[in-house]
Each structure stands twice: as structure tokens, then as C-alpha cells.
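Structural characterization, general
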Amino acid sequence: MKPIRTRTARAIAVAIVAGSMALTGCSGNSDGGSKGKDDSKSQKDAAEQQDPVAYGDAAASTGPAAEVPGAKPGGFINVYMQSDLTHMDPGQIYVSDAGQFANLVHRGLTNYEEDEKGNLTVVGDIATDSGTSSDGGKTWTYTLKDGVKDEDGNAITSADVRHSIERLYSKVIFDGPTFIQSWLSGNDYRKALPDGPYKGKHLPDTVLETPDAKTVVFHFDKPRPDLPQALAMAGYAIVPEKADTKEKYDDAPKALGPYKIAEYKPGKSMKLVKNDQWDPKTDAVRHQYVDGYNFSATIDQASQTKRLIADQGEAKNAIQFTDSVDPAQMSTVIGDANAKKRTIQGYQPYVWQLNFNLDRVKDKKVRDAITYALPNQSMVQADGGRYGGEVAGGLLAPTLPNFDPEYDPFGKLKKPNGDIEKAKELLKEAGVKEGTKLSYAYSNTPRGQAQQVIIKGALAKIGFDVQAKEIDRASFYEQVGKLDNPYDIYMTGWGQDWPSPSTVITPVYDGELIADGASNYSHINDKQVNELIQKALEQEPEEAAKTWEQAHHRIVEEINPAAPVYYSKQIQLYGSNIGGARYSTRSSYIDINDVYLKQP
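These lines cover the structure that appears in this document, whether it is placed above or below. Quick caveat, the model's predicted, so the values are computed rather than measured. (Residues numbered from 1 in each chain as written. Predicted model: local features only at pLDDT ≥ 70, side-chain atom pairs only at ≥ 80, totals over all residues. Heavy atoms only, no water.)

It is worth spelling out the overall build of the protein chain at this point. Check the secondary structure of the protein chain and you find 16 helices and 20 strands. A compact globule built from 600 residues would reach a C-alpha radius of gyration of about 25 Å, and the protein chain, at 23 Å, matches this within 12%. By its C-alpha atoms, the protein chain is 65 × 55 × 40 Å across when sized along the principal axes. Counting only residues that meet the buried cut, the protein chain has 61% of its 600 residues in that class. (Helix = DSSP H or I, 4+ residues; strand = E, 2+ residues; numbered from the N terminus. Rg over C-alpha atoms; globule rule 2.2 N^0.38 Å. Buried < 20%, exposed > 50% of the residue type's maximum accessible area, 1.4 Å probe, protein only.)

Okay, structure coming up:
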């Protein structure tokens with residue numbers, strides 16, 4: 001999952017940086033809160049998110065959702081964002097801001113129910129349960145609940161589910177997850193149905209079967225035990241067949257969830273109101289406490305933080321959606337008891353990394369030199385210090401099972417601000433001349449701008465002339481996701497889609513998934529890595545863990561397609577009239593399902 005790139009992570013999707021080093025890494029309060037007690041999240045907290053996800057039965061999937069103690073109905077919550085949502089079409093959603101939005105508006109076959117301790121259970125969303133497997137896990141059957149309708153009152157049937165899966169095969173969809181399509185039809189799945197369902201063709205019943213209006217059957221060529229978790233991703237939410245407007249659906253999707261779009265001004269604002277066709281009896285996860293949400297997409301991170309610290313007027317009813325506390329104001333928040341009690345904190349699943357475009361930066365010694373030169377700790381400081389993240393040794397986050405805190409092949413734990421001499425030595429061996437140009441793409445966000453200042457400065461020390469290229473936040477991942485992109489290096493963030501290395505290593509480092517719009521941003525295509533991925537996917541979890549570790553070590557040490565920079569943490573503010581606020585281990589943001597207004 002990509003974090004929101006501010007965003008996310010694009011999960012990731014994902015804490016935001018201040019606009020300049022003068023406000024972050026070089027400031028006296030760059031530790032992210034020297035005025036207050038250090039209660040930032042640790043890798044011990046992250047380990048609590050490694051627990052296996054449970055699969056719920058019909059009883060666990062039956063609505064309505066358990067009431068939030070003290071919740072009241074009514075009023076509008078104000079949502080602060082720096083820029084517009086990346087996507088609203090479910091099939092295109094693979095970024096954390098759109099994922100938060102999706103849980104208000106969209107519904108899929110399954111969803112996650114999260115208890116007060118952050119434990120996750122997959123339950124049936126529009127399905128009656130998390131799924132029934134047979135044939136050794138190769139076949140999964142889902143029965144649809146009664147009473148699920150879209151905002152126009154149209155009953156959702158198995159035909160809508162089939163349509164939602166099949167449209168992902170078409171070129172209309174280019175930016176979402178590809179797990180289920182690949183599992184059904186192989187990595188070149190688009191060839192199986194190049195026009196999607198739009199010209200009347202369908203996947204054969206031996207792959208995807210809808211024997212009646214209430215039943216959907218998935219047929220795979222090998223066991224797929226993670227299917228219920230994959231289906232819970234926003235990217236697999238339902239698009240009603242009658243409502244599908246192809247490319248235009250991204251601007252005006254139809255709601256199945258508790259809220260629908262009443263007004264949308266691209267790049268400026270959006271208003272969500274109650275969807276009167278949503279039946280709480282069919283939903284075990286969501287609530288409809290407030291009358292709606294007013295999204296403002298023009299409030300930068302610093303302004304969000306300032307308003308929420310002051311907690312006056314409309315800010316009392318406001319939340320940060322996927323943005324975080326402004327690092328330049330972190331000490332103020334941590335040192336102010338009134339503000340601090342209105343924060344949620346958690347360890348995110350994202351790893352920020354500097355990707356190398358392997359089609360352009362071909363010499364591993366050059367990639368290693370850049371990795372050694374990076375001042376990882378300065379990047380952490382620029383993103384909130386100890387409240388924003390921790391220096392990364394590898395590309396797998398502490399939230400994943402079997403995380404190794406000692407893994408550090410580039411010595412970042414000993415030299416967190418880089419090893420310039422080692423970098424220069426490698427560049428000399430590679431024959432790189434002083435003044436060699438590097439094209440660096442960055443997102444036009446506070447985080448992106450701060451990162452480019454740090455990276456440009458660090459690489460200048462080892463002789464590179466970095467040409468910084470600004471890209472609009474909303475299209476950043478789309479641009480760097482193009483195979484023929486003109487950039488040498490770019491920062492991305494990635495986090496697990498569920499607690500398994502398969503959801504990191506497969507989408508980001510599998511050479512068989514190189515394509516426009518795919519998440520293999522470095523274009524790594526290593527035969528041994530590809531074979532290890534396939535091996536791990538067919539193993540039992542205990543054996544697979546060893547194979548994933550082997551693949552991870554080869555990727556980081558022997559290929560180095562992306563320099564690990566830091567593991568991400570989250571801290572967000574909300575107004576004093578917001579009730580039910582808590583950190584969601586599923587989204588790594590405020591749990592959007594449980595919030596309400598104390599005084600509507």
C-alpha cells in the first residue's frame with residue numbers, strides 16, 4: 001500500500017515534513033518534542049501490529065456495528081487536507097488518502113473489523129462472511145447479504161461483483177492493486193480480458209463464477225489463503241455495473257457506504273452527506289453518526305496544525321485526514337497538554353525509500369554510494385523526529401512478522417547521517433566524474449520539498465549535480481510509475497497491505513510485474529528474486545518466512561534497487577469536539593469509522 005504523499009505514502013501512503021531544513025533538521029527542537037515526555041511509538045508498539053488477522057464468520061459479519069460508547073448523532077465533521085484525493089474510483093485506489101475516503105463511501109465483499117486494542121478480523125462486508133474455501137483453498141465462495149443497495153436504490157447482485165473484478169482488466173484502470181487479477185489470470189492478466197467487461201465478454205466460469213444473483217465463486221490454480229484480506233482492500237470495492245462510467249467514474253462514484261458525495265469541486269472541496277440507502281443492519285463495521293463531512297483540500301499542513309492547536313471555531317469539529325502534525329510545530333503540540341491529549345499516535349507500516357530507476361542508474365556501485373551518502377537521520381528529523389519515524393536498515397517495516405531490528409547492511413544505525421567517505425570511494429571505483437547530473441523527481445508537498453533539499457545537499461557532497469524536478473502531489477506516483485519516466489531517483493513509500501512480506505516484496509520487487517502503473521518503481525527484474533517470490537507464495541507461512549528473508553537480503557544487499565531511508569510513524573491532531581478518536585492499525589490514521597461530534 002502506498003502512503004499519502006505529503007502524501008499513504010502516495011499507503012502509505014503516511015507524517016509530513018516542514019517546508020525547509022531551517023524549520024526541521026537544523027532547528028533546536030528537531031527531536032520532535034524536547035519540551036514533553038518521550039512517549040513516541042517504538043518498535044515494540046509496531047510488533048503488536050504483527051498479529052495474524054482472524055477470519056470472521058456470519059455472526060461476526062452481521063450488522064449493525066457495535067456502538068461507540070457515548071456517541072451522539074448529528075453535525076458535520078470538517079476534514080483538513082493539503083490537496084485533492086488521488087482517486088475516488090475504487091479500482092484506482094492504492095493510496096492511503098483515497099483509502100480513508102473509501103471506507104466512508106465504498107463497500108467490498110469483505111472489510112476489517114478492528115477492536116479497541118487494534119486487533120483485526122476480516123468480516124463479510126456485502127458478503128455474509130469472510131468467505132468459504134474449498135478444494136484445498138483454491139476455490140472461494142461468497143454469498144451476498146440481502147438489503148445492500150447503491151445510493152440510487154439499486155440492489156447489488158453477483159453481476160455487480162463480477163463487473164467490479166472484470167473492469168480491473170481493462171486499460172480504464174491503471175493505478176490500483178493487482179493481487180486478485182494476477183491470482184486469477186497470471187501476471188499478464190490484461191491479455192485474458194483486454195477490454196474488461198465493456199464489450200460483452202467475461203472471464204470463464206472456471207475462473208470467476210456467478211451461478212445466481214447471490215453467489216460469487218473464485219477459482220484459482222493454487223491455494224489463496226489471503227483472498228479475504230485482499231478483497232478487503234479499497235481497490236476491490238464494488239462498482240455497480242449500471243453506474244460505471246469508465247474513466248469518468250473517478251470523478252463521481254456511486255456510494256454503497258454510509259455517505260455519498262453531495263458536492264465536489266476538484267482541487268478545492270467536497271461535501272459528503274448521509275446515504276439514505278445504506279442499511280446499518282448489513283454493515284458490521286461502519287457507523288453513520290454525523291450528518292456528513294466537509295472536506296477542504298487547500299489547507300497546508302502547517303495551517304492544519306496551527307488551527308487545531310488553537311482549537312477555535314470550526315476547528316473544534318475538525319480532523320486531520322491523512323496529514324500529520326507539522327514537524328516545525330511538533331514541540332508545541334507535545335509540550336501543550338491540551339493539544340497533546342487531542343492526538344492519535346501509531347507506528348505506520350510504511351518504509352520510505354529512495355528508488356533508483358534501474359534503466360538509468362545501472363551501476364550498483366553508484367547506487368550503493370548514494371545509499372551510503374544519504375543522511376537518514378536528517379530525513380527523520382524533517383518528518384517529525386522521534387514522533388515521525390526511525391532510521392531504516394532494510395525495506396521491510398517493523399510492523400511485519402519476523403522483522404529483524406539488527407538488519408543494517410549499510411551501517412545506518414551506526415552512522416545514521418551517512419558515510420560520505422565510503423560513498424566517494426565507491427564513486428571513484430565506478431569512475432563517476434565530478435558534476436555528473438542526476439534527475440531527482442519529488443512531490444510538491446512540504447515533505448517532498450524538505451526531502452529534496454536534504455537529498456540534493458547530501459549528493460552534492462559526493463560530487464553529483466542533482467536536477468530536482470517537481471511533480472504535482474496528486475499525480476506523483478502516476479508519473480514515477482511510468483516505465484519510460486525521465487528520472488534517475490525518486491522517493492516513494494510502501495507499506496504492507498496485510499501482515500505478510502508478500503504484500504511488499506511481490507508488488508514492489510517482482511520483475512514479472514513491471515508495467516506502466518505498476519508498483520515496481522525501480523524496474524527491478526532479477527531472476528533469483530522472482531524465483532524466491534514464487535517459491536515463498538507456495539510455501540506454508542513458517543517456511544515462507546525464511547524465503548522472504550532470503551529475497552529481502554538479496555534485494556537490499558546484492559541489487560539495491562531502493563535505498564532504505566526510514567520507518568514511518570504517525571501523529572495526528574483533532575478538534576476538542578471530536579469524539580471516538582483513536583488510532584487505526586488498519587489505516588494508520590484516525591479511525592474514520594468511529595468518530596462523532598460530542599456536541600452536534
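Picking up where we left off.
Here we come to the packing of aromatic side chains. In this description, an aromatic ring pair is defined by two values, namely the gap between the centres and the angle between the planes. All chains considered together, the criterion is met by 18 aromatic pairs. Ring centres 5.1 Å apart and planes at 50 degrees place the aromatic pair phenylalanine 179 and tryptophan 498 in the tilted group. Highlighted residues: phenylalanine 179 in helix H4 (residues 179-185) and tryptophan 498 in the loop between strand S17 (489-495) and helix H14 (502-509), separated in sequence by 319 residues. Note on accessibility: phenylalanine 179 and tryptophan 498 belong to one class, buried. Taken together, a centroid distance of 6.5 Å and an interplanar angle of 50 degrees make the contact between tyrosine 293 and phenylalanine 295 tilted. As far as the burial class goes, tyrosine 293 and phenylalanine 295 line up, both buried. Taken together, the ring pairs in this structure connect Tyr142, Phe179, Trp183, Phe218, Phe220 and Trp498 into an aromatic cluster. (Phe/Tyr/Trp six-rings, centres within 6.5 Å; stacked < 30°, edge-to-face > 60°.)

Excluding glycine, residues mostly carry a negative phi; peptide bonds, for their part, are mostly trans. For the bond running from glycine 63 to proline 64, omega is 0 degrees, close enough to zero to count as cis. By secondary structure assignment, the location of proline 64 is in the loop between strand S1 (54-55) and strand S2 (76-80). Positive phi, normally seen in glycine, also occurs at aspartate 135, with a value near 55 degrees. Within the fold, aspartate 135 resides in the loop between strand S5 (132-134) and strand S6 (139-143). Residue class for aspartate 135 comes out exposed when judged on its relative accessible area of 52%. We note that serine 588 has phi near 65 degrees; this positive angle belongs to a residue other than glycine.

Let us look at the sheet that holds strand S11 (residues 292-296). The five strands are arranged S9-S10-S11-S2-S12 in an open sheet whose pairing can be described as mixed. One side of each edge strand has no neighbouring strand; the edge strands of this open sheet are strand S9 (259-265) and strand S12 (318-320). Strand-to-strand twist of the sheet, defined as the mean angle between neighbouring strand axes without regard to direction, takes the value 20 degrees. Pairing between S2 and S11: five bridges, direction parallel. Within S11, the residue paired with valine 79 across the bridge is phenylalanine 295. Lying over the sheet, helix H2 (residues 96-105) contacts S9, strand S10 (269-274) and S11, oriented at roughly 30 degrees with respect to S10. (Pairing = 2+ DSSP bridges. Axes fitted to C-alpha atoms, helices over the stretch in contact; angles between N-to-C directions. Contact = heavy atoms within 4.5 Å.)

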